[in-house]
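Spelled out from the first residue to the last, the chains are:
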Amino acid sequence: MKSTTPRQGLMAFVQDVIIWNTTGGFGLQVYRGLLVLGMATGIFAYSFQARFGLSVTGMNDIVSWGFYISNFTFLVGVAAAAVMLILPAYIFHDPDFHRVVIIGEGVAVGALVMCLSFIMVDLGGPLQAWHLIPGIGQFNFPSSILAWDVLVLNGYLLLNGLVPLYILYNHYQGRKADEKKYRPFVFLSIFWAFSIHMVTAFLYQGLPARPFWNNPLMGPRFLASAFAAGPALITLALAIIHHITDYKIDQKIFKKLRLIIVVSAIINLIMLFSEIFKEFYFPTHHSVSATYLFFGLHGHTSLVPWIWTSISVNIVSTLVLAFNPGKDNPKVLLPASGFLFVAIWMEKGIGLIVPGLIPSPLGEVVDYLPTWVELCVTLGIFSLGLTVVTWLIRAALIIEDRYEKLLS
Amino acid sequence: MSNRKKTDDAPGNDTTLPVQNSRRNFLKGLSIAAAACSASLATGCLPTTARAAESGEQFALQWQEYFKKHYRLMTQKEKDETVARLERQAKLQSGLDLQISTQAPRENVLYGYAFNITRCEGFMECVAACIKENNLDRKAKTQYIRVFEMEPGQLDPGTGDGKYFHEVPVDNKFYMAVQCFHCEKAPCIKACPTKATWREPDGIVVVDYDWCIGCRYCQAACPYFGRRFNWAKPSIPKEEINRKQHYLGNRIRPMGKMEKCTFCIQRTREGKLPACVEACPTGSRVFGNLLDPESEIRFVLKNKKVFRMKEDLGTDPKFWYFID
């Protein structure tokens, strides 16, 4: 990693960030090339959607939200999970977490960029998105929860972008960041993290038309699953950083993260059990969606293997993380974190959104499968998100590394 | 049905626009002139050929349409201007002479609808009339009205067959139709993030197609499956297009926007019945003004046993079912 002498000025900062993120070893360039390829695939696929409309997706009037909104919902959780690093770092002044909090914030910004992109590609009239901007558009606030969601997501993006930017910019210049100045915003961002979760859950929870979603456990379960999936992803990110850069991560951090993941994952499973009990102990008309999801309905079973895979993987990885059979061996814990992340993605994405819309309010059952366009656009957005995360973390680590050396 | 003049106008036949009122034509002329001016300004030169002028004009029209306001914030003048633009666009793009109305609600009117379960025999004439009247997408087979063939002993359309395709009526079955119920407390209106859907003073829940961003939250919020999305650009054979349109009603929807039953706003605001009511051969459909004590709908509500779908949700639909 380069360690140039501190320079002054915003221009130099921007220049350096760009230079750091365009230069690097062969492996890094290949990785960047793959991301660009992914984004290009996404743009190519989206061009079909722009021309022929959302008819090129697998969605229809019954399943009117699909893969895009599923990913959006899940990623809101990932974004909010940064709070699990911010909270101990800034409130409890945990020195271990303080060192990695910037990485959590980078992941949050990337996740938010993906969230907003998923919303944009899901719009039938993306060119009319300006109708949402308060002032020049017509913002249905406070009535529409989607209007709330636009506010909280963009606000959280600003908070998670600007606070680290302020800190990094100061460290870049070899100065200490003034904690008095950014502390109020850190507090705000902690409350805000819970709000992006709850508001996104309310988006679904507030629809009496959809009994599967109209469930008061939705919000709390969003929190629990995200506080498992988010830190699981951050664990993986930290492990990668530990292995391929000079920025070494203390083992204590992994232990603490494991505890957070285990507690959240267990709460999540208890709530899942509670939901399943409610749906199936005495099945009513309101349990039809859950029946479709877990057992299939009228011969339509496309989500049954999906959800059982998700739940099995979820339980096994939670048990592995809880009982820690490898005695903190990363070769056991890292795959477990990865599998837990994927299991929650499966359940809190498609497993939550699609069955909410099936059967239709008139009882019609159809299956939903994303088309290649949806898959490729999603690949593009994931590549975009990874690019953003990579840019932010690479710049942050170089600056922090240099600042640490400057202090010592 | 005098207004339905799909008839003999062969495609491309250059019939002149019927003179409706001079004010609108004057405004139209004005806006065309304005559009042509701004187009030539935009391209930086005066168009030399008619074709260039036309494409410049189209561009100007699109530009002005893109930045127009929400329908409810428009003055009558602005409404007239956007209508003139839309009519001109249709003329330029497909040679169609449309008449798009912006007629406001009538005074002291609240529309209500009642459906006679005993009488309906499932002919689906209502569906066919609705598709024609409202310029519904033929390729996507969009239907505002769905008719369900029901087993005795059930009253929830969810238990019926919405895809029946055989001779009707069938012995020992009955038929129930559903469409947008124009709820007084409509979940869709509450959901819309841009206020692109609202309830008019006469009780009709409408969509401003040009203000809708296509997020489909209203579709998820509707407990009655009342809304339809334009997943692709609607396709309707040119000779079948109903040219008598309303801004909030049956004008041809852009791609990626939500649409729904409007109680045929283009007809009912002129004192006519919705197309489905007029088309029904069995007289199962009753439509009228709930505020008029002498109306047939009030008679039904007073003298028949009526019920509404999913009353437990508190949406207060303006659509009742009744049994003779």
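These numbers come from a predicted model, not from an experiment.

Chemist: Could you give an account of the interface of chain A and chain B, with specific residues and numbers?
Modeler: Taken together, the 45 residues of chain A in the interface contact 44 residues of chain B. When chain A packs against chain B, close to 3,600 Å² is buried across both sides, 60% of that on carbon and sulfur atoms. Its largest share of buried area at the contact with chain B, chain A owes to Asp61, Gln138 and Leu362 of chain A, together 21% of the area lost on that side. At the boundary of chain A with chain B, the tally comes to 2 salt bridges. The closest approach of N and O atoms between Glu364 of chain A and Arg146 of chain B, which form a salt bridge, is 2.6 Å. Counting every contact that joins chain A to chain B gives 25 residue pairs in polar contact (both at pLDDT 80 or more). Elements represented by at least two residues in the side of chain A that touches chain B include exactly helix 2 (26-52), helix 6 (145-172) and helix 7 (179-205) of chain A. Broken down by class, the residue content of the side of chain A that touches chain B amounts to 25 nonpolar, 15 polar and 5 charged.

Chemist: Kindly report on the domain arrangement of chain B, identifying the contributing residues and their values.
Modeler: Residue and element names in this part refer to chain B. You can read the domains of chain B as domain 1 (22-96) and domain 2 (105-324). The C-alpha centroid of domain 2 is placed 33 Å from the C-alpha centroid of domain 1. Of the roughly 1,000 Å² buried at the junction of domain 1 and domain 2 (both faces included), carbon and sulfur atoms supply 69%. Contact with domain 2 buries area across many residues of domain 1, yet His70, Tyr71 and Leu96 alone supply 56% of it, more than any other trio. Across the contact surface, domain 1 and domain 2 share 1 salt bridge. With 4 residues, helix 3 (residues 76-94) is the single largest residue contributor to the side of domain 1 that touches domain 2. A class-by-class count of the residues in the side of domain 1 that touches domain 2 yields 5 nonpolar, 3 polar and 4 charged.

Chemist: Account for helix 6 of chain A, naming residues and giving values.
Modeler: All names here are of chain A. Compared with the 40 Å implied by 1.5 Å per residue over 28 residues, the 40 Å span of helix 6 between its first and last C-alpha is a close match. N-capping of helix 6 is provided by Ser144, with a side-chain oxygen placed 3.2 Å from the backbone N of Leu146. The positive-phi residue at the C-terminal boundary of helix 6 is Gly174, with phi of around 75 degrees.

Chemist: Would you mind going over the packing of helix 5 (residues 95-122) of chain A against helix 9 (residues 251-281) of chain A in detail, with residue names and values included?
Modeler: All names here are of chain A. Relative to each other, helix 5 and helix 9 sit at 85 degrees, their axes nearing to 10 Å. Here helix 5 lies roughly perpendicular to helix 9, going by the angle between them. Contacts between helix 5 and helix 9 involve Asp96, Phe97 and Val100 from the former and Lys252, Ile253, Lys256, Leu257 and Ile260 from the latter. A per-class count over the contact of helix 5 with helix 9 returns 5 nonpolar, no polar and 3 charged.

Chemist: Could you give an account of the nonpolar core, naming the residues involved and the relevant values?
Modeler: Within the largest apolar cluster, 197 residues are counted, with the highest numbers of intra-cluster contacts made by Trp65, Phe72, Tyr204, Trp213 and Leu238 of chain A together with Tyr321 of chain B. Counting residues per element, this core draws most heavily on helix 5 of chain A, which supplies 13 residues. Lining this core are residues from two domains, each supplying at least three of them: domain 1 (22-96) and domain 2 (105-324) of chain B. Not counting chain neighbours up to four residues away, the residues in contact with Trp213 of chain A comprise Trp65, Tyr204, Gln205, Leu207, Met218, Leu352, Ile353, Gly356 and Leu357 of chain A together with Ala220 of chain B.

Chemist: Describe the pattern of salt bridges, listing the residues and the values that go with them.
Modeler: Working definition: two side chains of opposite charge can pair if their charged atoms are close together. All names here are of chain B. A full pass over the atoms with the stated rule returns 35 salt bridges over all chains. Arg269 is the salt-bridge partner of Glu200, the closest N and O atoms lying 2.7 Å from each other. Taken together, the positions of Glu200 in the loop between strand 5 (197-199) and strand 6 (205-207) and Arg269 in the loop between helix 7 (265-268) and helix 8 (275-279) put the pair 69 residues apart, joining distant regions of the chain. The residues Glu200 and Arg269 share a single accessibility class, namely buried. Through salt bridges with shared partners, a single network forms among Glu65, Lys68, Arg85, Asp210 and Arg251.

Chemist: Got a sec to walk through a nonpolar patch on the surface? Specific residues and values, please.
Modeler: Residue and element names in this part refer to chain A. A contiguous nonpolar patch, built from Leu10, Val14, Ile18, Trp391 and Leu392 and spanning about 420 Å² of accessible area, is present on the exposed surface. Elements with a minimum of two residues in the nonpolar patch: helix 1 (10-20) and helix 14 (372-407). When residues in the nonpolar patch are grouped by element, the largest group, 3 residues, is from helix 1. Within the secondary structure layout, Ile18 lies in helix 1.

Chemist: Requested: an account of the pairing of strand 12 (residues 319-323) of chain B, with residues and values cited.
Modeler: Residues and elements named next belong to chain B. Burial runs high along strand 12: 4 of the 5 residues are buried. As paired strands, strand 2 (residues 111-116) and strand 12 are joined by 4 bridges and run parallel to one another. Each residue of the ladder has a partner; that of Ala114, found in strand 12, is Trp320. Pairing geometry for strand 11 (residues 305-307) and strand 12, over 3 bridges, is antiparallel. Bridging across to strand 12, Phe307 finds its partner in Tyr321.

Chemist: Tell me what's going on with the sheet that holds strand 2 of chain B, and back it up with residues and numbers.
Modeler: Residue and element names in this part refer to chain B. Strand order in the open sheet formed by 4 strands is 10-2-12-11, with mixed pairing between adjacent strands. Strands at the two margins of the open sheet, each flanked by one partner only, are strand 10 (285-289) and strand 11. Going from strand to strand, the sheet's axes swing by 30 degrees on average, the running direction of each strand aside. On top of the sheet, helix 9 (residues 296-303) reaches strand 2, strand 10, strand 11 and strand 12; it is set at about 110 degrees to strand 10, its chief contact.

Chemist: Provide a residue-level description of the layout of surface pockets, including the pertinent values.
Modeler: Its volume calculated, the largest pocket comes out at about 1,400 Å³. Considering the residues around the largest pocket, the lining is formed by 46 residues, among which Gln89, Gln93, Lys233, Pro254 and Met255 of chain B are closest to the centre. Among the elements of the structure, helix 2 of chain A together with helix 2 (50-66) and helix 3 of chain B are those that each provide at least two residues to the lining of the largest pocket. The residue makeup of the lining of the largest pocket, split by class, is 24 nonpolar, 14 polar and 8 charged. Here the lining of the largest pocket spans two domains, since at least three of its residues come from each of domain 1 (22-96) and domain 2 (105-324) of chain B.

The rules behind each value
Residues numbered from 1 in each chain as written. Chains lettered and ligands numbered in written order. Predicted model: local features only at pLDDT ≥ 70, side-chain atom pairs only at ≥ 80, totals over all residues. Heavy atoms only, no water. Contact = heavy atoms within 4.5 Å. Buried area = accessible area lost by both parts, 1.4 Å probe. Salt bridge = Lys/Arg side-chain N within 4 Å of Asp/Glu carboxyl O. Polar contact = N/O pair within 3.5 Å; in protein donor to acceptor, adjacent residues only side chain to side chain. Helix = DSSP H or I, 4+ residues; strand = E, 2+ residues; numbered from the N terminus. Nonpolar A, V, L, I, M, F, W, Y, C, P; charged D, E, K, R; others polar. Domains from an automatic or database assignment. Expected span 1.5 Å × (residues − 1). Axes fitted to C-alpha atoms, helices over the stretch in contact; angles between N-to-C directions. Parallel < 35°, antiparallel > 145°, perpendicular 65-115°, else oblique. Core = buried A, V, L, I, M, F, W, Y, C linked by side-chain atoms within 4.5 Å. Buried < 20%, exposed > 50% of the residue type's maximum accessible area, 1.4 Å probe, protein only. Patch = residues over 30% accessible without salt bridge, like charges linked within 9 Å, V, L, I, M, F, W, Y side chains within 5 Å. Areas by Shrake-Rupley, 256 points an atom, 1.4 Å probe, with all protein chains shown as cover. Pairing = 2+ DSSP bridges. 1 Å grid on protein atoms, 1.4 Å probe; cavity = no way out; pocket = protein on both sides within 12 Å on 5 of 7 lines; lining within 4 Å. Points joined across faces, edges and corners; volume = space filled by probe spheres on them.

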